[in-house]
Amino acid sequence: GKNTRIDGELIDAVDVFVGGRAGPNATPGIRILENVPCAELPHVLERVIPYLSDKRGPARGQAAQPQVPAAAATHHADA
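Residues numbered from 1 in each chain as written. Predicted model: local features only at pLDDT ≥ 70, side-chain atom pairs only at ≥ 80, totals over all residues. Heavy atoms only, no water.

## Observations concerning the overall build of the chain
For the chain, the helix and strand inventory stands at 1 helix and 3 strands. In sequence order, the chain lays out its α and β elements as β-β-β-α. Long-range pairs, those at least 24 residues apart, make up 36% of the contacts in the chain with a sequence separation of at least 6. Accessible area for the chain stands at about 5900 Å²; split by element, carbon and sulfur atoms hold 53% of it. (Helix = DSSP H or I, 4+ residues; strand = E, 2+ residues; numbered from the N terminus. Contact = heavy atoms within 4.5 Å. Areas by Shrake-Rupley, 256 points an atom, 1.4 Å probe, with all protein chains shown as cover.)

Shown next, in the form of structure tokens:
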């Protein structure tokens, strides 16, 4: 978490990372969104998680989820 200024107002925000791994062969995640207001985080994740889940393929025994256009996962990357 961090503080960032959006429209002149100082707010709590986060950067969203995917991937990465902990342990002996740790690797960093990749930042996909920057300065997402904490108040909007649940809505943003609702749109990003199905998109990313589809990219990994369906879990065993589950149907594939419909793709979400890449534009749905952008919006704060340049805020």
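More follows now that the structure is in view.
## Remarks on unusual backbone geometry
Leaving glycine out, the prevailing phi sign among residues is negative, and the prevailing peptide bond configuration is trans. In this structure, Asp7 is a non-glycine residue whose phi angle is positive, near 55°. For Asp7, the position within the fold is in the loop between strand E1 (2-6) and strand E2 (9-18). Judged by relative accessible area, which is 79%, Asp7 ranks as exposed. Non-glycine residue Asn35 carries a positive phi angle of around 60°. Its location among the elements puts Asn35 in strand E3 (residues 30-37). Asn35 gets classed as buried once you look at its relative accessible area, which sits at 8%. (Buried < 20%, exposed > 50% of the residue type's maximum accessible area, 1.4 Å probe, protein only.)

Read these as spatial facts, not as claims about activity.
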